[in-house]
Amino acid sequence: MEKIKVGILTNTHGLRGEVKVKITSDFWKERFAKNAVLYIDVDGHTKELCVVNARLHKGMLIVKFKDYDDINQVEHWKGNALYIFKEQLHELNEDEAYYHEMMNARVQDIDGNEIGTVVELIETGANLVLRVRGEKREFLIPFVKAFVTMFDKEKKIMQVTMMEGL
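None of these values were measured; they are calculated from a predicted model.

Relative to the assigned elements, Gln108 resides in strand β7 (residues 106-109). Judged by relative accessible area, which is 11%, Gln108 ranks as buried. A distance of 2.9 Å separates the side chain of Gln108 from the side chain of Glu114, its partner in a polar contact. Discounting residues that sit within four places of it in the chain, Gln108 has contacts with Asn113, Glu114, Ile115, Ile157, Met158, Gln159 and Val160.

See below:
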């Protein structure tokens, strides 16, 4: 079964088993909703985790999992990914895409010239921003229709209208 990363455990938070999570998922409110099921691979085993609650705090998500009430139970999880299985995804509209579909997509200008590759997706609150790495530099492109004119999920090719100065 294919795994879809939804977050990375970066640290613990407090003494009661809460963890700090860097969100790497679209629909994060759904992924980290109360009673949502996530998975983590630790010590050579896959653990199923049930979300008790999650809240945003200083740009990170603070998550509490059922049956993990002490810092010592979760401390060794630092740096590990939280994931769901592809089968847990729901269908999207034709003009929508999941984050994992956009990662590593080839980016072209409207004339078809290669610009680079999507290497990171950044949630800003207002809109998603793509970090694109080209041969000589990196740049950021807002993921809005004014800039991203086309995305072919199957071919993993994104076409963008470049702003002057990029």
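Two modes of strand pairing occur in sheets, parallel and antiparallel, and in both the strands are linked by backbone hydrogen bonds. Reading across from one edge, β10-β9-β8-β7-β12-β11 is the order of the six strands in this open sheet, with mixed pairing throughout. Since the sheet does not close on itself, it has two edges, and those belong to β10 (138-142) and β11 (148-152), each with one partner. Along the sheet, successive strands turn relative to each other by an average axial angle of 35°, direction set aside. Bridging between β7 and strand β12 (residues 157-160) involves four bridges; their strand directions are parallel. If you follow Asp109 over to β12, its bridge partner there is Val160.

A word on the pattern of salt bridges. With the rule as written, the count across this model stands at eleven salt bridges. A salt bridge links Glu120 to Arg131; its shortest N-O distance comes to 2.8 Å. Taken together, the residues span a long stretch of sequence, with Glu120 in strand β8 (residues 114-123) and Arg131 in strand β9 (residues 128-133) at a distance of eleven residues. Residue Glu120 is classed as partly exposed on the basis of its relative accessible area, which comes to 25%. Salt bridges here are not isolated pairs; linked through shared partners, they connect Lys22, Glu120, Arg131, Arg133 and Glu138.

Glancing now at the environment of Val119. Position of Val119 among the secondary structure elements: in strand β8. Relative accessible area serves as the criterion here: at 26%, Val119 is assigned to the partly exposed category. Along the backbone, Val119 and Gly134 are 15 residues apart, and their C-alpha atoms lie at a distance of 9.9 Å. Apart from the residues within four sequence positions on either side, Val119 is in contact with Met103, Arg131 and Arg133.

If you walk through the whole model with that rule in mind, you get six aromatic pairs. Seen in terms of ring centroids, Tyr39 and Phe85 are 4.8 Å apart; in terms of plane orientation they differ by 55°. Their pairing is tilted. With Tyr39 in strand β3 (residues 37-42) and Phe85 in strand β6 (residues 81-85), the pair connects residues that are 46 residues apart, well separated along the chain. On the basis of relative accessible area, Phe85 is assigned to the buried category, the value being 13%. Feature note: the residues Tyr39, Tyr83 and Phe85 constitute an aromatic cluster, connected by ring pairs.

Reading the values: the criteria
- Residues numbered from 1 in each chain as written.
- Predicted model: local features only at pLDDT ≥ 70, side-chain atom pairs only at ≥ 80, totals over all residues.
- Heavy atoms only, no water.
- Helix = DSSP H or I, 4+ residues; strand = E, 2+ residues; numbered from the N terminus.
- Buried < 20%, exposed > 50% of the residue type's maximum accessible area, 1.4 Å probe, protein only.
- Polar contact = N/O pair within 3.5 Å; in protein donor to acceptor, adjacent residues only side chain to side chain.
- Contact = heavy atoms within 4.5 Å.
- Pairing = 2+ DSSP bridges.
- Axes fitted to C-alpha atoms, helices over the stretch in contact; angles between N-to-C directions.
- Salt bridge = Lys/Arg side-chain N within 4 Å of Asp/Glu carboxyl O.
- Phe/Tyr/Trp six-rings, centres within 6.5 Å; stacked < 30°, edge-to-face > 60°.

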